[in-house]
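Spelled out from the first residue to the last, the chains are:
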Amino acid sequence: MFALKTTPARTFLRRAEEIAKPVTRWSIGHAIPRVALRAAARRGDLQGRLSIEAGGGADLTGLFDEIRAHGAVATTRVGHVTTRHSACKDILTDDAFKTVRFVPDNPVLNRLVAWSESGLIHPIQPPSLLASEPPDHTRYRKLVTRVFTARAVEQLRQRTQAIADELLESLDPTNPVDLIEQYCGLLPVTVISQILGVPPEERDKVLALGGAAAPSLDLGLPWRTFRTVEATLAEFDSWLTVHLEKLRANPGDNLLSKLIAAREDGVGLTERELKATAGLVLAAGFETTVNLLGNGIALLTRNPGELGKLRGNPDLWSNAVDEILRYDPPVLLTGRLCARDTEIGGVPIQRGSIVSTVLAGANRDPEIFDAPSVFDVARANARDHVSFGAGRHYCLGASLARMEGEVGLRSIFERFPDLRLLGGARRRQTRILRGFETLPATLI
Ligand code: HEM
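Rules used throughout
- Residues numbered from 1 in each chain as written.
- Predicted model: local features only at pLDDT ≥ 70, side-chain atom pairs only at ≥ 80, totals over all residues.
- Heavy atoms only, no water.
- UniProt positions renumbered as here; feature names shortened; annotations may be inferred.
- Helix = DSSP H or I, 4+ residues; strand = E, 2+ residues; numbered from the N terminus.
- Rg over C-alpha atoms; globule rule 2.2 N^0.38 Å.
- Buried < 20%, exposed > 50% of the residue type's maximum accessible area, 1.4 Å probe, protein only.
- Contact = heavy atoms within 4.5 Å.
- Areas by Shrake-Rupley, 256 points an atom, 1.4 Å probe, with all protein chains shown as cover.
- Lys, Arg positive; Asp, Glu negative; His and termini not counted.
- Charge placed at Lys NZ, Arg CZ, Asp CG, Glu CD.
- Donors = N, O, S within 2.8 Å, 3.2 Å for Na, K, Ca; no water.
- Axes fitted to C-alpha atoms, helices over the stretch in contact; angles between N-to-C directions.
- Parallel < 35°, antiparallel > 145°, perpendicular 65-115°, else oblique.
- Left-handed = near helix turned anticlockwise from the far one by under 90°.
- Near = heavy atom within 4 Å.
- Polar contact = N/O pair within 3.5 Å; in protein donor to acceptor, adjacent residues only side chain to side chain.
- Patch = residues over 30% accessible without salt bridge, like charges linked within 9 Å, V, L, I, M, F, W, Y side chains within 5 Å.
- Salt bridge = Lys/Arg side-chain N within 4 Å of Asp/Glu carboxyl O.
- Pairing = 2+ DSSP bridges.

- Where an unreviewed UniProt entry is consulted, the protein appears under the name Cytochrome P450, with the organism given as Amycolatopsis alba DSM 44262.
- In its Pathway (unreviewed entry) section, UniProt records this for the protein: "Antibiotic biosynthesis; vancomycin biosynthesis."

Okay, structure coming up:
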């Protein structure tokens, strides 16, 4: 009798919690930072301006220069920010700086954050590699690099070439095409899906989930986008559970089957660690490389002289990929939390401060790159860019991305030497991930 009476009350409470938790997560993680950043931007605060102005692929070169003019690290009301190459490298390689995990100073807020956690795997929450630190990070990274070796990647070159050829073959040259939808988006997802044993018929689903989850790296999301991202992460989580079950029951010749079996001192990844790692590798494997390809096509068609240099000397392709990564990097910035009082380039940084290392800004630092605003595929030190980060979180897929960039870009320009972009190119709205949403073109 008593249980019957309390059931509706319990149901009501559970429903109320189901509504209150996401509202709390959004308020703390997005709404409050959004209001604060907008207010800061209005006051001219450099960090605030960077967050607000970054959407839609705006040209931020002037802002990068302004930030750089403030010294090694600019101190703003909302945190620290740097576009200096040396400071970015120092911060990313220094033990005093940890990957950012949002833990508010205020104990009440802190409890609210813990209470409202969704429990879903998320690219920037533990146990994702991107949000872990030693000793956990060292353990995950050892296990992944054991299967993700440089040799394994080099062996994928031929497969990548075959995928690029097949995709180019399927394009109708007599009609305009959207290069993002029909080429740049498909090449990386097909490659990473093969690497991770995702069946071809599930590729489109994975692509759609990755696209919808891309804003998950951004701060200050509007409510609707936040809800779409969370629903997508939940769907991705369920899909991964089933995918891992299938591979466990039926291991194949793919890196994920190897990762499931991998052990370090007899210990492997837990189910949650495995899901977070596989999910990150899968999503990072295509959500960034699509931008490298799209940004590369846009830069090369807009700079026909540079494309001409590559036609005359195809050995330059690998350097050209690094110059594309330097000039228009797929990842704008990353952030770190300062774990103890320290200094960078003479600027004191207090424990608890958040520092934004603007990779795209460091790539335009005139201390390192002569005439940084010139796009030059033969630039001698193009490879010194920091587009893959630095230190212990240095991109795990850097050699794969470089190889895909080289094969993908060279193949399309060799096959369609008269490729021309049409009007209507549109950049993605995401702030951290930078690239094109659509890139209409004619091929012949
Ligand atoms: C052009 C393409 C790519 C770019 C620009 C890029 C960029 C980056 C950056 C900047 C980081 C460091 C983030 C930080 O320090 O906070 C990173 C980490 C990572 N990337 Fe990439 N990435 C690319 C392609 C890939 C690919 C193809 C894969 C898949 C194999 C991948 C997997 C990862 C993983 C797993 C990490 C986390 C490493 C760690 O925390 O230890 N990335 N990437």
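## Let's talk about the overall build of the protein
Phase 1 of the analysis: From N to C terminus, the protein includes 19 helices and twelve strands.
Phase 2 of the analysis: Taken over C-alpha atoms, the radius of gyration comes to 23 Å for the protein, in line with the 22 Å a tight globule of 444 residues would show.
Phase 3 of the analysis: Taken along its principal axes, the extent of the C-alpha atoms in the protein is 80 × 55 × 50 Å.
Phase 4 of the analysis: Out of the 444 residues in the protein, the part that is buried amounts to 52%.
Phase 5 of the analysis: Long-range contacts, defined here as pairs at least 24 residues apart, represent 73% of the contacts in the protein between residues at least 6 apart.
Phase 6 of the analysis: Accessible surface for the protein amounts to roughly 20,600 Å². Of this, 55% is attributable to carbon and sulfur atoms.
Phase 7 of the analysis: Charge-centre separation for the protein: the mean point of 55 positive side chains lies 6 Å from the mean point of 52 negative side chains.

## A closer look at the coordination of the iron atom of the ligand
Note on metal sites: the ideal angle is 109.5 degrees for four tetrahedral donors, and 90 or 180 degrees for six octahedral donors.
Phase 1 of the analysis: Among all protein atoms, only Cys395 (SG) binds the iron atom of the ligand, sitting 2.3 Å from it.
Phase 2 of the analysis: Turning to its location among the elements, cysteine 395 is positioned in the loop between helix H18 (359-362) and helix H19 (398-415).

## Re the packing of helix H2 (residues 46-53) against helix H3 (residues 61-69)
Phase 1 of the analysis: Across the interface, H2 lies against H3 with an axial gap of 11 Å and an inter-helix angle of 160 degrees. By the angle between their directions, the pair H2 and H3 is classed as roughly antiparallel. Remark: the crossing between H2 and H3 carries left-handed chirality. Of the residues in H3, those touching H2 at Leu46, Arg49, Leu50 and Glu53 are Leu63, Phe64, Glu66 and Ile67.

## Examining the site of the ligand
Phase 1 of the analysis: Around the ligand sit 28 residues in total, of which His137, Arg141, Thr334, His393 and Cys395 are the nearest.
Phase 2 of the analysis: Taking leucine 129, its main chain carries an N or O atom lying 3.3 Å from an oxygen atom of the ligand.
Phase 3 of the analysis: Mapped onto the shell around the ligand, the elements with two or more residues apiece are helix H6 (136-147), helix H14 (271-287), helix H15 (289-302), strand S5 (334-338) and H19.
Phase 4 of the analysis: The leading source of residues in the shell around the ligand is H14, at four residues.

## Description of a nonpolar patch on the surface
Phase 1 of the analysis: Together, Ile19, Val23 and Trp223 make up an exposed nonpolar region whose accessible area comes to about 250 Å².
Phase 2 of the analysis: Topologically, tryptophan 223 is positioned in helix H12 (residues 223-249).

## So, the sheet that holds strand S8 (residues 354-357)
Phase 1 of the analysis: If you trace the five strands from one edge of the open sheet to the other, you get S1-S2-S8-S5-S3, paired in mixed fashion. In this open sheet, the two strands that pair with only one neighbour each are strand S1 (74-76) and strand S3 (97-99). The average angle at which neighbouring strand axes cross in this sheet is 35 degrees, direction not considered.
Phase 2 of the analysis: Sheet topology places strand S2 (residues 79-82) next to S8; three bridges connect them, and they run parallel. Bridging from a neighbouring strand, valine 81 pairs with serine 356 of S8.

## Topic: the sheet that holds strand S9 (residues 420-421)
Phase 1 of the analysis: Strands sit in the order S4-S12-S9 across an open sheet of three strands; the sheet is antiparallel. What marks the edges here is a single partner per strand, and that holds for strand S4 (177-178) and S9.
Phase 2 of the analysis: As defined by bridge partners, S4 adjoins strand S12 (residues 440-442) across two bridges and the pair is classed as antiparallel. In the sheet register, valine 177 faces S12, and the bridge partner there is alanine 441.

## Comments concerning unusual backbone geometry
Phase 1 of the analysis: In the segment running from proline 126 into proline 127, the intervening peptide bond is cis, with an omega of 5 degrees.
Phase 2 of the analysis: The topology assignment puts proline 127 in the loop between helix H5 (107-116) and H6.
Phase 3 of the analysis: Along the chain, proline 134 connects to proline 135 via a cis peptide bond; the corresponding omega equals 5 degrees.
Phase 4 of the analysis: Mapping proline 135 onto the fold places it in the loop between H5 and H6.
Phase 5 of the analysis: Notably, aspartate 265 is not glycine yet its phi reads approximately 50 degrees, a positive angle.
Phase 6 of the analysis: As for its position among the elements, aspartate 265 is in the loop between helix H13 (255-261) and H14.
Phase 7 of the analysis: The backbone phi angle of alanine 371 is positive, close to 40 degrees, even though this residue is not glycine.

## Some words on the pattern of salt bridges
Pairing between side chains of opposite charge can happen when their charged atoms approach one another.
Phase 1 of the analysis: Taken as a whole and judged by the stated rule, the model has 30 salt bridges.
Phase 2 of the analysis: Measuring nitrogen to oxygen at the nearest pair gives 3.7 Å for the salt bridge that ties arginine 139 to aspartate 136. Taken together, the residues arginine 139 and aspartate 136, both in helix H6 and three residues apart, mark about one turn of the helix.
Phase 3 of the analysis: With relative accessibility at 25%, the residue arginine 139 sits in the partly exposed group.
Phase 4 of the analysis: Residue classification places aspartate 136 among the partly exposed residues on the basis of a relative accessible area of 37%.

## Topic: the pairing of S8
Remember that side chains alternate between the two faces of the sheet whenever the strand is regular.
Phase 1 of the analysis: The pairing of S5 with S8 spans four bridges and is antiparallel. Counterpart to threonine 334 in the pairing with S8 is threonine 357.

## Considerations on the environment of histidine 243
Phase 1 of the analysis: With respect to the secondary-structure elements, histidine 243 resides in helix H12.
Phase 2 of the analysis: When the C-alpha positions of histidine 243 and leucine 196 are compared, they lie 9.8 Å apart, and in sequence the two are 47 residues distant.
Phase 3 of the analysis: Dropping the residues within four chain positions of it, histidine 243 is found in contact with Leu196, Gly197, Val198, Pro199 and Leu256.

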